[in-house]
Amino acid sequence: MEDAHYLAEAFRLAEKGLYTADPNPRVGCVLVKDGRIVGKGFHLTTGEGHAEANALAEAGEESRGATAFVTLEPCSFHGRTPSCARALIAAGIKRVVAAMADPHKKNAGEGFRNLRDAGIEVQTPLLESSARALNPGHIKRHETGMPFVRLKLAMSLDGKTALANGESQWITGPGARRDVQKLRARSSVIVTGVQTVIHDNPRMTVRAEELDVEYRELAAKRRRPVYILDPRLRVPPESAVLKNHDNVLVCVHGMAEEKTFGVRILDAVEDTHHRIDLTRFLQHLAGEDCNEVLFECGATLGGSLVEQGLCDELVIYIAPKIMGSSARSLLNVSEIDNMGDLFNMNIIDCRSVGDDIRITAVPNQTG
């Protein structure tokens, strides 16, 4: 119980990097000696000190003989910063309690081996489910080669997302829109479809003044490109999303030769329906160190994600409004003839956000 108590404190520290640590994992560390905490640390942003290094710096000489509680296996390799496993060894740590092993191929148990070879006692796993929930993208990317995909949707009480003419601003209230800022802020990239750009002309930026979190200025400034899936390059040149030169237009090979835009063009592969091959696209994002990918899109692209089993989490904001039978539905998926073929979901969270309700659901892996 005492180990779980100190590790829980490490998780609270790690959460401070929820919106800023990407593409690195969010990690917290607590150093305990003779029943008291002598050092705390967390990883804030890439290029700066890792959680263990920051905790050791705070503890100083008190580190010798202490126990380190960390939310993820200490890194064994020298990247932008030195190896945390070697730093713990050099500091004289006697015991390490880690929530889980790091699936990163450069680590993958090597950090634990380094510690044990140095005579340090290692205990793991502990509270592993919490560790996975903290870093779903880092873990999925290194275990499967795919990022964690989150689909954000907004609808009325009668399950509609836009009027028949495509107008959808605004279904939800200001509280829900501020809440979406957090989803954007924690993401590596944001993805939308050309139809959403045509109808809504969004910027899809993270705005610090609407982000009610610690380190919000740093979170808002972090590079976070928007990818616009536009196979035939139908995006209007004056679109607001094209004003940010970090953003990327994703089209079918050869289309970019006909037009010039102020953003990067990514050639993509078509699927059998002459749309962007989403699996190949997501694999590309994983190769670009993208951990969590947020889709803010319409019913067709959202439906494709669900239908192809590519969506790890749905976040649906429900507004207390009725839009009528002619309005557009939440998702476009193929017609289902049998109840046994439904897409089954598990609701893992439901709460009020301003005047609206937010539901978070994940695919039911058991069918």
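Residues numbered from 1 in each chain as written. Predicted model: local features only at pLDDT ≥ 70, side-chain atom pairs only at ≥ 80, totals over all residues. Heavy atoms only, no water.

Engineer: I'm lost on the packing of aromatic side chains in this one. Help?
Structural biologist: Aromatic ring pairs are reported here in terms of the distance separating the ring centres and the angle at which the planes meet. Counted according to the given criterion, the structure contains three aromatic pairs. Ring geometry for F42 versus Y215: centroids 6.1 Å apart, planes at 45°, classification tilted. Of this pair, F42 sits in strand β2 (residues 36-42) while Y215 sits in the loop between α8 (194-200) and α9 (216-221); the two residues are 173 residues apart in sequence, bridging distant segments of the chain. On the accessibility criterion, Y215 (31% relative accessible area) is partly exposed. Positioned above the aromatic ring of W170, the side-chain terminus of R177 is 4.5 Å from the ring centre. (Phe/Tyr/Trp six-rings, centres within 6.5 Å; stacked < 30°, edge-to-face > 60°. Helix = DSSP H or I, 4+ residues; strand = E, 2+ residues; numbered from the N terminus. Buried < 20%, exposed > 50% of the residue type's maximum accessible area, 1.4 Å probe, protein only. Lys NZ or Arg CZ within 6 Å of the ring centre and 35° of its normal.)

Engineer: Any chance you could explain the sheet that holds strand β4 (residues 95-98) here in plain terms?
Structural biologist: The strands that make up a sheet pair up through hydrogen bonds in the backbone, lying either parallel or antiparallel. Read across the open sheet, the five strands follow the order β2-β1-β3-β4-β5; overall the sheet is mixed. In the strand order of this sheet, the two ends are held by β2 and β5 (121-123), each with one partner. The average undirected angle you get between the axes of adjacent strands in this sheet is 15°. By the bridge criterion, four bridges tie strand β3 (residues 67-70) to β4 in an arrangement that is parallel. The partner of F69 across the bridge, within β4, is V97. Of the strands in this sheet, β1 (28-33), β2 and β3 touch helix α2 (residues 51-59), which is tilted by about 140° from β2. (Pairing = 2+ DSSP bridges. Axes fitted to C-alpha atoms, helices over the stretch in contact; angles between N-to-C directions. Contact = heavy atoms within 4.5 Å.)

Engineer: Before we go on, may I ask you to explain the sheet that holds strand β13 (residues 313-319) in this structure?
Structural biologist: Reading across the sheet, the nine strands line up as β11-β10-β9-β8-β12-β6-β13-β16-β15 and stay open at both edges, with mixed pairing between neighbours. Two strands in the sheet have a free side with no partner beyond their single neighbour: β11 (264-268) and β15 (345-353). Sheet twist, expressed as the mean angle between neighbouring strand axes with direction ignored, is 25°. Relative to strand β12 (residues 292-296), strand β8 (residues 189-193) runs parallel, the two sharing three bridges.

Engineer: Is there a simple way to explain helix α11 (residues 299-307) in this structure?
Structural biologist: Along an α-helix, residues three or four apart share an orientation, since each turn contains 3.6 residues. Taken across its nine residues, α11 has seven buried, putting it largely inside the fold. All of the buried residues in α11 are A299, L301, G302, G303, S304, L305 and V306. G309 occupies a position one or two residues after α11 and carries a positive phi of about 70°.

Engineer: Teacher, can you tell me more about the layout of surface pockets here?
Structural biologist: Computed from the structure, the second largest pocket encloses a volume of approximately 760 Å³. Among the secondary structure elements, those contributing two or more residues to the lining of the second largest pocket are α2 and α6 (136-144). For the lining of the second largest pocket, the element with the most residues is α6, which contributes three residues. Considering only residue class, the lining of the second largest pocket consists of 14 nonpolar, 13 polar and twelve charged. (1 Å grid on protein atoms, 1.4 Å probe; cavity = no way out; pocket = protein on both sides within 12 Å on 5 of 7 lines; lining within 4 Å. Points joined across faces, edges and corners; volume = space filled by probe spheres on them. Nonpolar A, V, L, I, M, F, W, Y, C, P; charged D, E, K, R; others polar.)

Engineer: For this particular structure, what's the right way to read the pairing of β12?
Structural biologist: The side chains of a regular strand alternate between the sheet's two faces. In terms of burial, β12 is a largely internal element, five of the five residues being buried. Both faces of β12 are covered, namely the face carrying E292, L294 and E296 and the face carrying V293 and F295. Pairing geometry for strand β6 (residues 148-156) and β12, over five bridges, is parallel. Bridged to R150 within β12 is L294.

Engineer: Honestly, helix α1 (residues 2-14) in this entry has me stumped. Any pointers?
Structural biologist: The end-to-end C-alpha separation of α1 is 19 Å, in line with the 18 Å expected for 13 residues at 1.5 Å each. What α1 keeps buried is the set D3, Y6, L7, E9, A10, F11, L13 and A14. Elements that come into contact with the buried residues of α1 comprise β1, β2, β3, β4, β5 and α5 (128-134). (Expected span 1.5 Å × (residues − 1).)

Engineer: I would appreciate a short explanation of empty space enclosed by the protein in the present structure.
Structural biologist: Space left empty within the atom packing is revealed by a probe, the size of a water molecule, rolled over the atoms. Applying the stated criterion across every chain, the model contains one cavity of 30 Å³ or more. Its volume calculated, the largest cavity comes out at about 40 Å³. Lining the largest cavity, in full, are D22, N24, P25, R26, N135, G137, H138, N291 and E292. By residue class, the composition of the lining of the largest cavity is one nonpolar, five polar and three charged.

Engineer: Sorry if this is basic, but what is going on with the state of the cysteines here?
Structural biologist: A covalent bond between the sulfur atoms of two cysteines is what we call a disulfide. Evaluation of the coordinates by the stated rule reveals zero disulfides. Here C290 stays free of any disulfide, with the sulfur of C297 as its closest cysteine sulfur at 16 Å. Summary of cysteine pairing: C350 is not part of a disulfide, and the nearest cysteine sulfur, belonging to C311, is at 17 Å. Take C350: its relative accessible area is 52%, and that puts it in the exposed class. (Disulfide = S-S within 2.5 Å.)

Engineer: Just to check I follow, could you spell out a nonpolar patch on the surface for this structure?
Structural biologist: A grouping of V333, I336, M339, L342 and F343 is seen on the molecular surface, where their side chains present a nonpolar patch of about 430 Å² in accessible area. Positionally, L342 belongs in the loop between β14 (328-329) and β15. (Patch = residues over 30% accessible without salt bridge, like charges linked within 9 Å, V, L, I, M, F, W, Y side chains within 5 Å. Areas by Shrake-Rupley, 256 points an atom, 1.4 Å probe, with all protein chains shown as cover. Salt bridge = Lys/Arg side-chain N within 4 Å of Asp/Glu carboxyl O.)

Engineer: How should the nonpolar core be read in this particular structure?
Structural biologist: Counting 39 residues, the largest nonpolar core has L31, I93, V96 and L115 as the members making the most contacts within it. Per-element accounting of this core gives the leading share, six residues, to α1. Setting aside anything within four residues of it in sequence, one finds L115 in contact with P74, A85, L88, I89, V96, I120 and V122. Residues V248, V250, L266 and I276 belong to the second largest nonpolar core, which totals 32 residues. (Core = buried A, V, L, I, M, F, W, Y, C linked by side-chain atoms within 4.5 Å.)

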